[in-house]
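Residue-level listing of the chains:
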Amino acid sequence: MLQVNNIDVFYGNIHALKNISLEVNEGEIVTLIGANGAGKTTLLKTLSGLLKPKQGTITYKMQQIGGKPAQAIVKSGISHVPEGRRVFANMSVEENLELGAFLRKDRDGIKKDLDHVFELFPRLKERRKQLSGTLSGGEQQMLAMGRAIMARPNLLLLDEPSMGLAPLIVQQIFEIIQTINKEGTTILLVEQNAHMALSIADRAYVIETGKIVLSGTAKELQESEEVKAAYLGGV
Ligand code: ATP
């Protein structure tokens, strides 16, 4: 579904992604784990068109999307839930969700998906009129995910959904990621919480200072001594 081949991304002189290749197959949950500053966010921003690769190709459903504008990439079926959520604080929950569907014209479909988001996140339904800036961190994460779902993506890019959230909320968010996947959405999940990410993923990549250093099935990486020592707290 998605093939990233040998991409290099720079911020000025800083070489943030070095010859990165990875693939995501339809129906999978693939996770990219790595420490602070490894390049995880940079990779997702490049996939969603916010940054342009200097070299290499990004192919999505047989189309070359590397360097295309973000709007064209959303239209092709990729939605990005950014790090730190970035909901529109002065708009209600419902208005934020409607914005997620701004490229769609199928009113009936939009209404159906809104109801579906409220089924996935009953908390958002209760708070549909509330200003988004007053939601808790976990609720804002749910809203950011709900907004991305409203674009009806085939591929959902999630940037550290567990960040700053209490363990119980993280558990709920990860259960919902699995539900969304079972309903047919392919997922690329970026996480520092390697333990949680590997517990739901099919396959995984480890990124260190802009390079992929390991890859395999989630089970293989859970059992890897290197991953255990560096990312799973030595357990
Ligand atoms: P974190 O988990 O802390 O969010 P990350 O793996 O997502 O980390 P990135 O945000 O992708 O890491 O950053 C990768 C590298 O690129 C870091 O060294 C960072 O300082 C650098 N970087 C990120 N954004 C910029 C920018 N706008 N200008 C210059 N350097 C940047």
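Residue indices begin from 1 for each chain and proceed along its sequence in written order. A pLDDT threshold of at least 70 governs which residues receive local features in this predicted model, and a stricter bar of 80 or more applies before side-chain atom pairs are shown or counted, although totals over entire chains, interfaces and linings include all residues. With hydrogens and water stripped out, all remaining heavy atoms of the structure feed into the side-chain values.

The protein is annotated in an unreviewed UniProt entry as Branched-chain amino acid transport system ATP-binding protein from Ureibacillus thermosphaericus. UniProt positions are given in the numbering used here, feature names are shortened, and annotations may be inferred rather than shown by experiment. Checking UniProt for the protein, the heading Sequence similarities (unreviewed entry) contains the comment "Belongs to the ABC transporter superfamily."

Caption draft 1: Spatial organisation of the overall build of the protein. Per the convention used, a helix needs a DSSP run of H or I reaching at least four residues, while a strand needs a run of E reaching at least two, with both numbered from the N terminus. Secondary structure summary: the protein contains 10 helices and 10 strands in total. Computed over its C-alpha atoms, the radius of gyration of the protein comes to 17 Å, within 12% of the 18 Å expected for a compact globule of 235 residues. The principal-axis extents of the C-alpha atoms in the protein amount to approximately 45 × 40 × 30 Å. Taken over 235 residues, the protein has a buried fraction of 51%. Residue contacts follow a heavy-atom distance rule, with two residues in contact if any of their heavy atoms lie within 4.5 Å. Residue pairs in contact within the protein that sit at least 24 positions apart in sequence constitute 68% of those at least 6 positions apart. By the counting scheme adopted, Arg and Lys are positive, Glu and Asp are negative, and His together with the chain ends is not counted. Where a charge lies is defined by one atom per residue type: Lys uses NZ, Arg uses CZ, Asp uses CG and Glu uses CD. With 27 positive and 26 negative side-chain charges, the protein shows a separation of 6 Å between the mean positions of the two kinds. Note that the radius of gyration is over C-alpha atoms, with the globule rule given as 2.2 Å times the number of residues to the power 0.38. Each residue's exposure class comes from its accessible area (1.4 Å probe, protein chains only) as a fraction of the maximum for that residue type: buried when under 20%, exposed when over 50%, partly exposed otherwise.

Caption draft 2: Quick peek at the site of the ligand. If even one non-hydrogen atom of a residue comes within 4 Å of a molecule or strand, that residue is called near it. Residues in contact with the ligand amount to 14 residues; listed here are only the nearest, Asn36, Gly37, Lys40, Thr41 and Thr42. Measuring from an oxygen atom of the ligand, one finds a side-chain N or O atom of glutamine 192 at 3.1 Å. The fraction of the free accessible surface of the ligand (640 Å²) that becomes covered by protein chains is 62%. Elements represented by at least two residues in the shell around the ligand include exactly strand 2 (14-24) and helix 1 (40-47). Examining the composition of the shell around the ligand, we find that 3 residues originate from one element, helix 1, more than from any other. Partitioning the shell around the ligand into residue classes produces 5 nonpolar, 6 polar and 3 charged. N or O atoms closer than or at 3.5 Å make up a polar contact, with two conditions inside protein: a donor-capable atom paired with an acceptor-capable one, and, for residues adjacent in sequence, both atoms drawn from side chains. All accessible areas in this document rest on Shrake-Rupley with a 1.4 Å probe, and a residue is counted as covered only by the protein chains that are shown. Ten residues, namely Ala, Val, Leu, Ile, Met, Phe, Trp, Tyr, Cys and Pro, are considered nonpolar, four, namely Asp, Glu, Lys and Arg, are considered charged, and the remaining ones, Gly among them, are considered polar.

Caption draft 3: Just the sheet that holds strand 10 (residues 211-217), in detail. An order of 6-7-8-3-9-10 is seen for the 6 strands of this open sheet, with the pairing classed as mixed. The open sheet has two free edges, formed respectively by strand 6 (78-81) and strand 10, since each of these has just one partner strand. For this sheet the average axis-to-axis angle between neighbouring strands, irrespective of direction, equals 15°. Strands are labelled as partners when DSSP assigns at least two bridges between them. In this sheet, strand 9 (residues 203-208) lies alongside strand 3 (residues 29-33) in parallel orientation, the contact comprising 4 bridges. Bridging across to strand 9, leucine 32 finds its partner in tyrosine 205. Interaxial angles span 0 to 180 degrees and are taken between N-to-C directions of axes, which are lines fitted to C-alpha atoms, for helices over the stretch in contact. Packing of helix 7 (residues 167-182) onto the sheet brings it into contact with strand 3, strand 7 (155-159) and strand 8 (186-191), and relative to strand 8 it is tilted by some 155°.

Caption draft 4: Highlighting the nonpolar core. Only buried residues count toward a nonpolar core. Its members are Ala, Val, Leu, Ile, Met, Phe, Trp, Tyr and Cys residues joined through side-chain atoms within 4.5 Å. Phe121, Met145 and Ile177 are the most contacted members of the largest nonpolar core, which totals 47 residues. Of the residues forming this core, the biggest block, 7 residues, is contributed by helix 7. Aside from chain neighbours lying at most four places away, what touches isoleucine 177 is Ile29, Met145, Leu158, Pro161, Ile187, Leu189 and Ile200. The next biggest cluster of nonpolar side chains, apart from the first, holds 27 residues, and it includes Leu2, Val4, Val9 and Ile73.

Caption draft 5: Structural view of the environment of lysine 54. Mapped onto the secondary structure, lysine 54 falls in the loop between helix 1 and strand 4 (55-60). Assessed through its relative accessible area of 63%, lysine 54 is described here as exposed. Between the C-alpha atoms of lysine 54 and phenylalanine 10, which are 44 residues apart in sequence, the distance is 7.2 Å. Here lysine 54 is in contact with Asp8 and Phe10, once residues within four sequence places are set aside.

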